[in-house]
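Coordinate inspection notes
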Amino acid sequence: MGTTTSASAPASEGAVETRGIEPVPDHERQGRVRELFPTWVAANISVLLLTMGASLVVGNGLNFWQVLLVAAIAAAVAFGMVGVLSVSGKWGGAPGAMLSRAAFGVRGNYFPGAILWVARFGWETINAVTGAYAVLTVLRLLLGIQTNDVLVVVTLLAFVAVTYLVSGLGRKALNVCNRYSTYLFGLFSIMVLVYLVATMNWDAIFAKKAGTTAMVIAGIGTIAAGGISWVPTGPDFARYLPHSTSGKKIVGTTVSGAALVLLPMVLMGGVMAVSNPKLAGQNTDPMSFLGTILPSWLAVPYLVTALVGMVLINSLSMYSAGFTAQTMGVKLPRALAVSINAVISLVGGLFMMLVAKDFIGQFIAFLTLLAVSFSAWIGVYGVDMARRRKLAVRYDADSLMNTGRTSRYWYTGGFCWQAMTAWAVALGAGLCFTKVQWFTGPLATTWIGENGLGWAATIALAALVFAVLPAPRESVPAAGAGDAAGARQPAEVG
């Protein structure tokens, strides 16, 4: 237990994490629940929450108290699911994309895994664009430098490069960065809150009429979508926790960490929108409004600390994306797998900043589709977790790494047909309820579709179908059975 790292030291001990997708052995489970708090604080440090809060006022017509209600419910629901499914991380000591093999089968897992991986590309691109816009706003406010195409390319490239470097350091380095960014962002958020309290027209804010219940429900879905995208990666950050760790503490720490940032930022966005309704209409640059709402002496440091947070959000996402790539059979070390995401983020970001014109509209459309695509996985995985609570050995480490016929998770031909059926049916139904800028499902005009509850219907349907189908029976190979194909997947390093 000394501090010196040797050749025999666990893979998680160095400054740069070298452990890949293989389950963490018990003797390395030295994590603490409190480490999750700054992780989920950092995961929500995005100035886009201000814009989303403003859209609740301008687009949904909600008042102050309704915005607060929407933010609170969205944080509890979305990150409640993140916390609950994170518990499987301490059960199996592996990333969520790896544990998912136990539910879908070692081959069946490729299908939902592919969608989760592609969705990560989109999320990282959105974050990279937001970070680049933050840098451009700081340069304009601080140095008077106006945006041009060359500067867009340089700032986006710099943001993606820094994100890639930070994500490559691994869990321990991310924990340290998350902790200090939490302190800094908390300090400047308090300063912004004090400024708003002193300068906003509170009579006008509290005089605003309430919006409809339908708009409240739709708003919950919009705000919750970002949190839902973190559900499959929750186990990634809980896999170093000992088996004895309290599941309730994992859930409580996750929700409280996320809510600490999400609630005030969404509420601040709503308050700002009352005095400046154009806040929700910044279609091309979602960051520039801060220069008009806040004085430069406050806007610049606030944006800089938020920029650090956005780097960490993308780093957390890329960290997990590397695991997803490896479970998809990509025979690369995690660092190289992450580099694929970085390149895609750069290319996609350049398209959004130089070609596309409606950033916010695309962002909301992406969030809507993201929530539905992740929700089908959540419903199946949640039922699988509930069933495993009764098992003495909830996840078999060797079988998780084994992609051949001798794996307990081979099921039928490598597929758990019950899980695959539930996932496919729910995903298809969820898309039918969905309406975005460039896609309208056939059921989008129903009550569920009009209220933006496609994601909730998807979770419920996936869970229901999987629960009513015959319970899957894990494969139990004969003792000494071999696999001519070489079943065991090598443990990639980070």
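Residues numbered from 1 in each chain as written. Predicted model: local features only at pLDDT ≥ 70, side-chain atom pairs only at ≥ 80, totals over all residues. Heavy atoms only, no water.

1. Focus: the overall build of the protein
- Along its length, the protein carries 18 helices and 2 strands.
- Sequence separation of 24 or more characterises 87% of the internal contacts of the protein that already satisfy a separation of 6 or more.
- In the form shown here, the protein has an accessible surface area of approximately 19,200 Å², with 67% of it arising from carbon and sulfur atoms. (Helix = DSSP H or I, 4+ residues; strand = E, 2+ residues; numbered from the N terminus. Contact = heavy atoms within 4.5 Å. Areas by Shrake-Rupley, 256 points an atom, 1.4 Å probe, with all protein chains shown as cover.)

2. Comments concerning the nonpolar core
- Core analysis: the largest hydrophobic core is formed by 133 residues, its most contacted members being Ile228, Leu294, Tyr302 and Tyr395.
- No other element matches the 14 residues that helix α14 (residues 359-388) contributes to this core.
- Apart from the residues within four sequence positions on either side, Tyr302 is in contact with Leu50, Phe185, Phe188, Ser189, Val192, Met265, Met268, Leu290 and Leu294. (Core = buried A, V, L, I, M, F, W, Y, C linked by side-chain atoms within 4.5 Å. Buried < 20%, exposed > 50% of the residue type's maximum accessible area, 1.4 Å probe, protein only.)

3. Quick look at the packing of aromatic side chains
- Following the criterion strictly, the structure yields 10 aromatic pairs and no others.
- Here the guanidinium or amino end of Arg387 rests over the ring plane of Phe466, the centre of that ring lying 4.7 Å away.
- The lysine or arginine in question, Arg394, covers the ring of Trp91, its NZ or CZ lying 4.3 Å from the ring centre. (Phe/Tyr/Trp six-rings, centres within 6.5 Å; stacked < 30°, edge-to-face > 60°. Lys NZ or Arg CZ within 6 Å of the ring centre and 35° of its normal.)

4. Describing the environment of Gly234
- Within the secondary structure, Gly234 sits in the loop between α9 (213-228) and α10 (247-275).
- For the pair Gly234 and Thr254, spaced 20 residues apart in the sequence, the C-alpha separation amounts to 9.1 Å.
- For Gly234, the residues in contact, after removing those within four places along its chain, are Trp40, Val82 and Ser86.

5. Some details on the confidence of the model for the protein
- Mean pLDDT over the protein stands at 80; residues scoring 70 or higher make up 80%.
- Least confident of the elements in the protein is helix α13 (residues 334-354), whose mean pLDDT is 71; most confident is helix α18 (residues 454-468), at 96.
- Low confidence marks residues 1-16, where pLDDT is under 50. Its contacts with residues over four positions away, or in another chain, come to 18 contacts.
- Low confidence marks residues 478-494, where pLDDT is under 50. Its contacts with residues over four positions away, or in another chain, come to 44 contacts. (pLDDT = per-residue confidence, 0-100.)

6. Overview of α10
- Here α10 spans 43 Å end to end across 29 residues, near enough to the 42 Å set by a 1.5 Å rise per residue.
- At Ala259, α10 is bent by approximately 35 degrees, the largest bend along its length.
- At the N-terminal end of α10, a side-chain oxygen is found 3.3 Å from the backbone nitrogen of Lys248, two or three residues along, and the residue is Ser246. (Expected span 1.5 Å × (residues − 1). Bend = angle between axes of the 7 residues up to and from the residue. Polar contact = N/O pair within 3.5 Å; in protein donor to acceptor, adjacent residues only side chain to side chain.)

7. Remarks on a nonpolar patch on the surface
- Judged by side-chain polarity, Leu69, Ile73 and Val77 come together as a nonpolar surface patch covering roughly 210 Å² of accessible area.
- Within the secondary structure, Leu69 sits in helix α3 (residues 64-92).
- By relative accessible area, which is 44% here, Leu69 ends up partly exposed. (Patch = residues over 30% accessible without salt bridge, like charges linked within 9 Å, V, L, I, M, F, W, Y side chains within 5 Å. Salt bridge = Lys/Arg side-chain N within 4 Å of Asp/Glu carboxyl O.)

8. Considerations on unusual backbone geometry
- A positive phi is found at Tyr411, a non-glycine position, where the angle reads about 50 degrees.
- By the element assignment, Tyr411 lies in the loop between α15 (397-401) and α16 (417-432).

9. Side note on the packing of α3 against α9
- Look at α3 against α9: their axes get within 8 Å of each other, and the N-to-C directions meet at 40 degrees. One way to sum up the angle between α3 and α9 is to call them oblique. In the packing of α3 onto α9, the handedness of the crossing is right-handed. Between α3 and α9, the residues in contact are Gln66, Leu69, Val70, Ile73, Ala74, Ala78, Phe79, Met81 and Val82 and Val216, Gly219, Ile220, Ile223, Ala224, Gly227 and Ile228, respectively.
- Across the contact of α3 with α9, the residue classes break down as 13 nonpolar, 3 polar and no charged. (Axes fitted to C-alpha atoms, helices over the stretch in contact; angles between N-to-C directions. Parallel < 35°, antiparallel > 145°, perpendicular 65-115°, else oblique. Left-handed = near helix turned anticlockwise from the far one by under 90°. Nonpolar A, V, L, I, M, F, W, Y, C, P; charged D, E, K, R; others polar.)

10. Points about the pattern of salt bridges
- Taken as a whole and judged by the stated rule, the model has 3 salt bridges.
- Linking Asp384 and Arg388 is a salt bridge whose minimum nitrogen-to-oxygen distance equals 2.8 Å. Remark: Arg388 and Asp384 occur in helix α14; sequence separation between them is 4 residues, near one turn of the helix. Arg388 carries the same exposure label as Asp384, and that label is buried.
- The partner of Arg408 in a salt bridge is Glu474, with the nearest N and O atoms 3.1 Å apart.

11. So, the environment of Thr458
- Structurally, Thr458 can be placed in helix α18.
- Since its relative accessible area comes to 1%, Thr458 is described here as buried.
- It is 8.8 Å that separates the C-alpha atoms of Thr458 and Val425, two residues lying 33 residues apart in sequence.
- Excluding residues within four positions of it along the chain, Thr458 makes contact with Val372, Ser375, Ala376, Ala426, Leu427 and Gly430.

12. Quick word on the side chain of Ser373
- Position of Ser373 relative to the elements: it lies in helix α14.
- For Ser373, a relative accessible area of 12% puts it in the buried group.
- What Ser373 contacts, discounting residues up to four positions off in sequence, is Ile115 and Leu427.

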